[in-house]
Amino acid sequence: MFKRKPRIDDAVYGKLMTSFGRVVDLDPFIARPAAALAERVTAEESETVAALDEHQFAGATLYHLRLLAGAWIMAQESKVPRATAEVFEEAVAWRFGPLVKGSARLPHRLSELARGQATRVE
């Protein structure tokens, strides 16, 4: 009925980034599709991405989204629980949200695409 949102803080976020940062790029069957998903979302929202990168570092938004995409790919392959990808989605939204207005939608858009729930736009 009610789904409780995970409690996110800097420590949890750091652990997720470290964990997925270590594994996503090791497997090209995860790394390449993850990069494609992240690039698609960043291309759709280039102004928001540029503003986010100003608050972090150049390419940071793409990096965070790429790791999130990798989490979803790994969840689809049952390498990690789906709940882990869901928590990571909320964590990235938590991280982006206060930096730039409307930026929390980026991880949700990426997750929709990764789960195959979004309509294709050419």
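From a predicted model like this one, the values you see are computed outputs, not experimental measurements.

**With respect to the overall build of the protein chain**
A count of helical and extended segments in the protein chain gives 6 helices and 0 strands. When the helices and strands of the protein chain are listed from N to C terminus, the series reads α-α-α-α-α-α. The C-alpha radius of gyration of the protein chain comes to 13 Å, within 12% of the 14 Å expected for a compact globule of 122 residues. Considered along the principal axes of its C-alpha atoms, the protein chain spans approximately 35 × 35 × 30 Å. Across the 122 residues of the protein chain, 41% fall into the buried class. For the protein chain, contacts bridging at least 24 residues in sequence account for 70% of all contacts bridging at least 6. If you sum the accessible surface of the protein chain, you get close to 7,200 Å²; carbon and sulfur atoms cover 55% of it. Positive and negative side-chain charges in the protein chain, numbering 17 and 16 respectively, have mean positions lying 6 Å apart.

**Side note on the side chain of Thr-61**
Tracing the backbone through its elements, the reader meets Thr-61 in helix H4 (residues 60-76). At a separation of 2.8 Å, a polar atom in the side chain of Thr-61 contacts the side chain of Asp-53. Setting aside residues up to four positions removed in sequence, Thr-61 forms contacts with Val-49, Leu-52, Asp-53, Gln-56, Phe-96 and Leu-106.

**Topic: the nonpolar core**
The nonpolar side chains of a soluble globular protein tend to be buried with one another. Within the largest apolar cluster, 34 residues are counted, with the highest numbers of intra-cluster contacts made by Phe-20, Leu-65, Phe-88 and Leu-110. Looking at this core, the elements with two or more residues in it are helix H1 (10-23), helix H2 (28-44), helix H3 (46-55), H4, helix H5 (82-96) and helix H6 (105-115). The dominant element in this core, judged by the number of residues it contributes, is H4, at 9 residues. With residues up to four places along the chain from it excluded, the contact list for Phe-20 reads Leu-67, Ala-71, Met-74, Val-80, Thr-84 and Phe-88.

**Focus: the packing of aromatic side chains**
By the definition in use, this model includes 2 aromatic pairs. With centroids separated by 6.2 Å and ring planes inclined at 50 degrees, the aromatic side chains of Tyr-13 and Trp-94 adopt a geometry described as tilted. Of this pair, Tyr-13 sits in helix H1 while Trp-94 sits in helix H5, and the two are 81 residues apart along the sequence. Classification of Tyr-13 as buried rests on a relative accessible area of 3%. We classify Trp-94 as partly exposed; its relative accessible area is 33%.

The rules we used
Residues numbered from 1 in each chain as written. Predicted model: local features only at pLDDT ≥ 70, side-chain atom pairs only at ≥ 80, totals over all residues. Heavy atoms only, no water. Helix = DSSP H or I, 4+ residues; strand = E, 2+ residues; numbered from the N terminus. Rg over C-alpha atoms; globule rule 2.2 N^0.38 Å. Buried < 20%, exposed > 50% of the residue type's maximum accessible area, 1.4 Å probe, protein only. Contact = heavy atoms within 4.5 Å. Areas by Shrake-Rupley, 256 points an atom, 1.4 Å probe, with all protein chains shown as cover. Lys, Arg positive; Asp, Glu negative; His and termini not counted. Charge placed at Lys NZ, Arg CZ, Asp CG, Glu CD. Polar contact = N/O pair within 3.5 Å; in protein donor to acceptor, adjacent residues only side chain to side chain. Core = buried A, V, L, I, M, F, W, Y, C linked by side-chain atoms within 4.5 Å. Phe/Tyr/Trp six-rings, centres within 6.5 Å; stacked < 30°, edge-to-face > 60°.

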